[in-house]
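Descriptive structure summary
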2 protein chains.
Amino acid sequence: MKFGRILRDSPDGKIARLVVVEPEKGRVIDLARAAALHYVATRNATTDAARAFANAAYPGSMALALSMGNYLTDHTPGIVASTGDDASLDMNEVEWLPASDPPVLRDGLNFLGHITGWSAKMGRTVPDAMERVVPYCQNSPAMVIGNNATVPWPGYINHMDYELELGWVIGRKVKNLTPENALDAVFGVTMYNDFSGRDLQQDEVAIGMGGTKAKNFAHGIGPWITTMDEFKDPYSIEMEVRLNGETKGKGVSSDVLWRVEEVLSFVSQGEYLQPGEVIGSGTLEKGSALEHGIKLKPGDVVELEAKNIGILRNVLGEPEQGMWWPTAQPGKLVPTS
Amino acid sequence: MKFGRILRDSPDGKIARLVVVEPEKGRVIDLARAAALHYVATRNATTDAARAFANAAYPGSMALALSMGNYLTDHTPGIVASTGDDASLDMNEVEWLPASDPPVLRDGLNFLGHITGWSAKMGRTVPDAMERVVPYCQNSPAMVIGNNATVPWPGYINHMDYELELGWVIGRKVKNLTPENALDAVFGVTMYNDFSGRDLQQDEVAIGMGGTKAKNFAHGIGPWITTMDEFKDPYSIEMEVRLNGETKGKGVSSDVLWRVEEVLSFVSQGEYLQPGEVIGSGTLEKGSALEHGIKLKPGDVVELEAKNIGILRNVLGEPEQGMWWPTAQPGKLVPTS
């Protein structure tokens, strides 16, 4: 199945709603509405009790919905079959939210072609530490954006870039996974665009503490999540990125440094993965504009697409001017010669 | 005032409760209980309605309580004065939770003595990028622990260490702060122990994406939060760390690379700070055992203390054996010579 999140009008203002997406029928089904109708029709529930129960079972938060364990995958097919027709909306007219509201957002660096291509363009030597430790970073989830959203562009970034990635959406609270059971923790797959400021990233990587302001201004997640049962394996997903309609990078998710099972196991060692969190696959080879010698401009349209997932489309906004930025302090730490 | 979180027994099992801490009286005040009594006594509320309202105003989550804006600081003094005596518990008998349940956890690297001391011990050159970009990382909040908690020790870490830090607790959702208004966003200060695996950290820093498994197995936060009005400024807080009762590092929070106002402003550029999130001050000079040539052992007791905050005490657990770890892949990325 395909699950997403949209905004709907209500007397309380716009509210988030969980939906099933049926691209072949051109519609989404509002799950809290469908479930309430279903409980009235099949369980003798009163309308008020059915609405309260349905909103608890299908909250607007994907993280919260997945935190209820198997409820989402166990009960949704029956509800959609029973009352989906009466709770459906035209999928071309809805306002999309990020497919998940991840409590934690992490991102791998795992496709071999991108590791070498990115490093060459950044003038960096590939560290052999990546052959011992699975590379990934912690991103901030404060600025996740969904399909069709404008990408906020902070004025301190000059060299703007996109990144073509899959997002592995975690479905349960788990710790200490092993490669044998790691894929069981994955609820589904979405597209993940890890927008990046390449100029600022140079200094951030040199410090060694991970990307911060070069990364956390916008993370595209969507358009929706396709559950894992719809994929043969994590290594044969066809994906591509288009810039203003022109295909720039394209390939299959096979060329990995670490197996996806190893990435998930590594991230979960000694700490919990959280329901609804998104772990980026790392950028596909030629999946950044940097690898093509291109810098993004305001108004550029970036589309990430994968077969059986869909298209995550975002438009670059205008750079925000007048933001505060620290004044460099040469010589404060490192003696100037 | 001082705010903390404890666990209490209930018919639903142990639940988190928000408390005001009065160390001079040796007690904590359960705020949801005090508030319910207060609403009945002063507003003609029924017991059931008062309890429901009190639990919404004083949830067990510090992040959620702070998300209600000024309610916590505006209303708590009156409630404590009115019904605090009837809702108090002996502070030496309570089970402490992490002082906040941070939605996001970040950590600076900001005390000059530690930057040079840590770098020397790790055999690393201090990058001059730190004079242009404020260094900080994103940590995972999945493994926060409170006062008196045992520190989980994953078996893949050999060289275990502590770090003496303050934690700046954010009180409101804000973006694009400037040094002029940045401190207004801070609700209070707590102690933060950023436990670290120094052996693994070598490879993680070399990759440049930030600490992951060397950092995210345990983050000590507590014992409670002292609100900002109780401090003269962020630069005169006296702090120290003791290992098995012996003082190892001690000093005042003044020797910074970037002013605290600049750190907070930088982190908030282009993204939201979240109520309840904790931003580590960075480790004080000589605030790690590494700087003394010491490795921690199971059973070691680490105490972080700051004047007007309190003591965060943690005991190192036994290393967990049998955890999965990736098999190194020499030559997979970097040709072996």
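Bear in mind the structure is a predicted one, so any value in this text is a computation, not a measurement.

All names here are of chain A. Where helix H1 (residues 31-43) contacts helix H4 (residues 71-83), the two axes come as close as 9 Å, and the packing angle between them is 75°. Relative to H4, the element H1 lies roughly perpendicular. Packed against H1, whose contacting residues are Leu 31, Ala 34, Ala 35, Leu 37, His 38, Tyr 39 and Arg 43, the element H4 presents Tyr 71, His 75, Thr 76, Gly 78, Ile 79, Val 80, Ser 82 and Thr 83 at the interface.

Residue and element names in this part refer to chain A. You can see Thr 76 is positioned in helix H4. Owing to a relative accessible area of 0%, Thr 76 belongs among the buried residues under this scheme. Distance from Thr 76 to Ala 57, taken between C-alpha atoms, is 10.0 Å for residues 19 residues apart in sequence. Other than its neighbours up to four places away in sequence, Thr 76 contacts Met 1, Phe 3, Val 20, Leu 31, Tyr 58 and Tyr 71.

Side-chain positions along a regular strand alternate between the two faces of the sheet. Residues and elements named next belong to chain A. Burial runs high along strand E1 (residues 2-8): five of the seven residues are buried. As judged from the two bridges shared by E1 and strand E14 (residues 219-227), these two strands associate in the antiparallel manner. In the strand pairing of E14, Lys 2 is matched with Thr 226. Inspection of the sheet shows E1 paired to strand E2 (residues 15-22) by six bridges, in the antiparallel sense. Looking at E2, one finds that Phe 3 is bridged to Val 20. What sits between E1 and E2 in their antiparallel hairpin is a turn of six residues, with Gly 13 showing a positive phi close to 95°. Across two bridges, E1 lies against strand E5 (residues 95-96) in antiparallel orientation. Bridge pairing links Leu 7 to Glu 95 in E5.

What follows deals with the state of the cysteines. What the rule picks out here adds up to zero disulfides over all chains. With no disulfide of its own, Cys 137 of chain A lies 11 Å from the sulfur of Cys 137 of chain B, the closest cysteine sulfur. Classification of Cys 137 of chain A as buried rests on a relative accessible area of 8%.

The next thing to look at is the domain arrangement of chain A. The figure often quoted for interface size is the accessible area lost as the parts come together. Residue and element names in this part refer to chain A. We note that the domain assignment places domain 1 (2-96) and domain 2 (105-319) within chain A. Put simply, the middle of domain 1 and the middle of domain 2, counted by C-alpha atoms, are 29 Å apart. Each partner contributes residues to the interface: domain 1 has 13 residues there, and domain 2 has 16 residues. Summing both sides of the interface, domain 1 and domain 2 together bury roughly 1100 Å²; the carbon and sulfur share of this comes to 67%. Counting the surface domain 1 buries against domain 2, the share from its top three residues, Lys 2, Leu 66 and Trp 96, is 56%. Connecting domain 1 to domain 2 are one salt bridge. Close ionic contact of Glu 230 with Lys 2 constitutes a salt bridge, the shortest N to O distance being 3.1 Å. Put simply, domain 1 and domain 2 have three residue pairs in polar contact (both at pLDDT 80 or more) between them.

Looking at the element boundaries, Ala 142 of chain B is found in the loop between strand E7 (136-139) and strand E8 (144-145). On a C-alpha basis, the gap between Ala 142 of chain B and Gly 280 of chain B in space is 16 Å, while along the polypeptide they are 138 residues apart.

Our focus in this paragraph is the packing of aromatic side chains. Following the criterion strictly, the structure yields 14 aromatic pairs over all chains and no others. Relative to Trp 224 of chain A, the ring of Trp 96 of chain A lies with its centre 5.4 Å away and its plane at 50°, an arrangement referred to as tilted. Placement of Trp 96 of chain A in strand E5 and of Trp 224 of chain A in strand E14 is noted, with a sequence separation of 128 residues between them. Each of the two residues, Trp 96 of chain A as well as Trp 224 of chain A, counts as buried. Look at Tyr 156 of chain A and Trp 325 of chain A: their rings are 4.4 Å apart centre to centre, the planes differ by 25°, and that puts the pair in the stacked class. Placement of Tyr 156 of chain A in the loop between strand E9 (150-154) and strand E10 (160-161) and of Trp 325 of chain A in the segment after strand E19 (310-320) is noted, with a sequence separation of 169 residues between them. By relative accessible area, which is 14% here, Tyr 156 of chain A ends up buried. We classify Trp 325 of chain A as partly exposed; its relative accessible area is 27%. Linked through ring pairs, Tyr 136 and Phe 266 of chain A together with Tyr 156 and Trp 325 of chain B together constitute an aromatic cluster. Its guanidinium or amino end placed over the ring of Tyr 272 of chain A, Lys 173 of chain A lies 4.5 Å from that ring's centre, counting from NZ or CZ.

Once that is clear, we can look at the nonpolar core. Membership of the largest hydrophobic core comes to 130 residues, with the highest contact counts inside it found for Leu 166 of chain A together with Leu 166 of chain B. Those residues in contact with Leu 166 of chain B, other than ones at most four positions away along the chain, are Val 189, Thr 190, Met 191, Tyr 192, Ile 237, Met 239, Ser 253, Ile 279, Gly 280, Ser 281, Ala 306 and Ile 309 of chain B.

Residues and elements named next belong to chain B. You can see Ser 100 is positioned in the loop between strand E5 (95-96) and strand E6 (105-108). Of the residues examined, Ser 100 reaches a relative accessible area of 0% and is grouped as buried. Of note is the side chain of Ser 100, whose polar atom sits 2.8 Å from the backbone oxygen of Gly 276. Ignoring anything within four residues of it in the chain, the contact list for Ser 100 reads Arg 5, Met 62, Ala 63, Ile 221, Ile 225, Gly 276 and Val 278.

Moving on, we come to the sheet that holds E19 of chain A. Residues and elements named next belong to chain A. Here five strands make up an open sheet; going across it, the order is E9-E19-E18-E15-E16 and the pairing mixed. Strand pairing shows two members of the sheet lacking a second neighbour, E9 and strand E16 (246-252), which therefore form its edges. The sheet shows a mean angle of 20° between the axes of neighbouring strands, taken without regard to direction. The pairing of strand E15 (residues 238-243) with strand E18 (residues 301-306) spans five bridges and is antiparallel.

With that settled, the discussion passes to the pattern of salt bridges. Residue and element names in this part refer to chain A. A full pass over the atoms with the stated rule returns 47 salt bridges over all chains. Between Lys 307 and Glu 238 there is a salt bridge, with the nearest N and O atoms lying 4.0 Å from each other. Taken together, the residues span a long stretch of sequence, with Lys 307 in the loop between E18 and E19 and Glu 238 in strand E15 at a distance of 69 residues. For Lys 307, a relative accessible area of 56% translates into the label exposed. When its relative accessible area of 43% is taken as the criterion, Glu 238 is described as partly exposed.

Reading the values: rules and limits
Residues numbered from 1 in each chain as written. Chains lettered and ligands numbered in written order. Predicted model: local features only at pLDDT ≥ 70, side-chain atom pairs only at ≥ 80, totals over all residues. Heavy atoms only, no water. Axes fitted to C-alpha atoms, helices over the stretch in contact; angles between N-to-C directions. Helix = DSSP H or I, 4+ residues; strand = E, 2+ residues; numbered from the N terminus. Parallel < 35°, antiparallel > 145°, perpendicular 65-115°, else oblique. Contact = heavy atoms within 4.5 Å. Buried < 20%, exposed > 50% of the residue type's maximum accessible area, 1.4 Å probe, protein only. Pairing = 2+ DSSP bridges. Disulfide = S-S within 2.5 Å. Domains from an automatic or database assignment. Buried area = accessible area lost by both parts, 1.4 Å probe. Salt bridge = Lys/Arg side-chain N within 4 Å of Asp/Glu carboxyl O. Polar contact = N/O pair within 3.5 Å; in protein donor to acceptor, adjacent residues only side chain to side chain. Phe/Tyr/Trp six-rings, centres within 6.5 Å; stacked < 30°, edge-to-face > 60°. Lys NZ or Arg CZ within 6 Å of the ring centre and 35° of its normal. Core = buried A, V, L, I, M, F, W, Y, C linked by side-chain atoms within 4.5 Å.

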